[in-house]
Amino acid sequence: MSRLMVIGCGGVASVAIHKCCQNSEVFDELILASRTKSKCDSLAEKLTKLSKTKIMTESVDADDASQVEALIRKYQPDAVLNLALPYQDLSIMDACLAAGVDYIDTANFEPEDTDDPIWRKRYEARCKELGFSAYFDYSWQWDYQDRFKEAGLTALLGTGFDPGVTSVFAAYAKKHYFDRIDTIDILDCNGGDHGYPFATNFNPEINLREVSAPGSYMEDGKWVEIPAMSIKREYDFEGVGMKDMYLLHHEEIEALGRNMPEVKRIRFFMTFGQSYLTHMSCLENVGMLSTTPVDFQGQKIVPIQFLKALLPDPASLGPRTVGKTNIGCIFTGVKDGKEKSLYIYNVCDHQECYKEVGSQAISYTTGVPAMIGAMLVVTGQWKKPGVFTTDEFDPDLYMEALNKWGLPWKVDENPVLVP
Ligand code: NDP
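Residues numbered from 1 in each chain as written. Predicted model: local features only at pLDDT ≥ 70, side-chain atom pairs only at ≥ 80, totals over all residues.

(A) The arrangement of the overall build of the protein chain in detail. A tally of regular secondary structure across the protein chain gives 15 helices and 18 strands. The C-alpha radius of gyration of the protein chain comes to 20 Å, within 12% of the 22 Å expected for a compact globule of 419 residues. In terms of overall dimensions, the protein chain has a C-alpha envelope of 55 × 55 × 45 Å along the principal axes. (Helix = DSSP H or I, 4+ residues; strand = E, 2+ residues; numbered from the N terminus. Rg over C-alpha atoms; globule rule 2.2 N^0.38 Å.)

(B) Local environment of the site of the ligand. What surrounds the ligand is a group of 33 residues, the closest being Gly 8, Gly 10, Ala 107, Gly 160 and Phe 202. Looking at the shell around the ligand residue by residue, the class counts come to 16 nonpolar, 12 polar and five charged. (Near = placed C-beta within 6 Å. Nonpolar A, V, L, I, M, F, W, Y, C, P; charged D, E, K, R; others polar.)

(C) Examining helix 11 (residues 274-285) more closely. With 12 residues, helix 11 extends 16 Å from end C-alpha to end C-alpha; this agrees with the ideal 16 Å at 1.5 Å per step. Immediately downstream of helix 11, the backbone of Gly 287 shows phi near 90 degrees, a positive value. (Expected span 1.5 Å × (residues − 1).)

(D) How the structure looks around the sheet that holds strand 3 (residues 54-59). The seven strands lie next to each other as 3-2-1-4-5-6-17, forming an open sheet whose pairing is parallel. Where the open sheet ends on each side, the last strands, each with one partner, are strand 3 and strand 17 (386-389). When the angles between neighbouring strand axes are averaged without regard to direction, this sheet yields 20 degrees. Here strand 5 (residues 102-105) runs beside strand 6 (residues 154-157); their pairing, made up of two bridges, is parallel. Across the sheet, Ile 104 pairs through a bridge with Leu 156, a residue of strand 6. Here helix 2 (residues 37-48) sits on the sheet and contacts strand 2 (27-34) and strand 3; the angle it forms with strand 3, its principal contact strand, is near 170 degrees. (Pairing = 2+ DSSP bridges. Axes fitted to C-alpha atoms, helices over the stretch in contact; angles between N-to-C directions. Contact = placed C-beta atoms within 7 Å.)

(E) A look at unusual backbone geometry. Look at the link from Asp 162 to Pro 163: it is a cis peptide, with omega at 10 degrees. With phi around 45 degrees, Gln 297 is a residue other than glycine that occupies positive phi space. By the secondary structure assignment, Gln 297 is in the loop between strand 13 (294-296) and strand 14 (299-301). Among the residues examined, Gln 297 registers 5 C-beta atoms within 10 Å and is labelled exposed. Despite not being glycine, Asp 336 has its phi angle at roughly 50 degrees, a positive value. For Asp 336, the location among the structural elements is in the loop between strand 15 (324-335) and strand 16 (338-349). In this structure Asp 336 comes out as exposed when scored by C-beta crowding, with 7 C-beta atoms within 10 Å. (Buried ≥ 20, exposed ≤ 12 C-beta atoms within 10 Å, placed from the backbone.)

(F) Region of the structure containing the nonpolar core. Val 6, Ala 16 and Leu 32 are the most contacted members of the largest nonpolar core, which totals 114 residues. Leaving out residues up to four positions away in the same chain, Leu 32 has contacts with Val 6, Cys 9, Ile 17, Cys 40, Leu 43, Ala 44, Ile 55 and Thr 57. (Core = buried A, V, L, I, M, F, W, Y, C linked by C-beta atoms within 7 Å.)

The values are spatial; any link to function lies outside them.
Written as structure tokens, this is what we have:
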């Protein structure tokens, strides 16, 4: 029995909240708190009819740690599940520390204002020292390690699918299949079609920042950075078919690189269709992906935020998206002196997700692991003082939970490798 506070009520949160309500034996009370309270109210109204979980709603500006802290003190939840945006990670972590509760999220911190001088100074030093220039990195949240440890609190970072499940797959492969892992390729394929010429499957601002950044991978413990979309491979995905995929920077590479230093190369690939890439490069060329405010008729406008307002809301894509996602990891390495390879992956159907929880598969494949991470923390099964990613716990319980809660996985011991 536990009480969970969920912050944010967008596409991913909606799925995680549905799943918490299906799991009412663990989550008997939920507090939904977001910027737009009406979204929390309408979800609560729908789910209260379907579940034993008691749901309370609040409005909160999670950029303001003191508001979050006051809310935590009011409701005394066992943990806070942050499903707002990566911009709010640090303020919510601060609030959790101040009020003494565990913290869980699905994406690592990045700043809303990339011109903020304090952030930029550290960012530029990191670009130089580490050699990757994405706006997000773990350093800001890893800095909370000592404070969470001293407070005896757990912070579980990045429990979505990627990051999240992909790092659990890595821990599982290491535990059960390899004496030594040499390479990890994370493959994220979305074979879904929503019928729009251009739309993103999760928050457009966060998504477009991610995919328009230079790609990078880790080799022999060092970052190798490449121009955006400059490494392309083809792969035949079960349930989807042949797709083009591109090497991207992705946050789990950083955590896996730190926690599994023996792995010689870690790469991340995501599939994109030609239409998506053409739209994206056109938007980038005209400056619409910029995070720097411009003056427009006496007002300051951030181009990428304006673009977000024009694009379809990812939460509205559910009814119209057909097809499947296929996300997983290919490992190579050695077991009992013999070289081996292994592919662990999940195939998820957009329409099946929509039938079950009213969302497309991208929100589903993130929201289910968010619930699972929260469940493992509040039940004490994944609880230890400090700040951790999902590869730093015993993977078996998480893997069992994926099968139980809608994301069954498969193991292929003879996969086609990515050149
Ligand atoms: P949405 O934009 O759909 O939802 C974000 C929610 O956060 C909205 O309800 C929004 O409120 C709320 N919010 C934003 N700012 C604040 C604030 N200052 N205070 C309170 N609430 C706020 O995003 P998604 O659901 O698509 O994504 C949620 C998170 O999941 C993101 O961090 C994203 O990066 C992550 N993600 C992780 C993945 C993974 O596999 N690990 C994959 C996909 C996403 P309002 O309704 O008012 O706009």
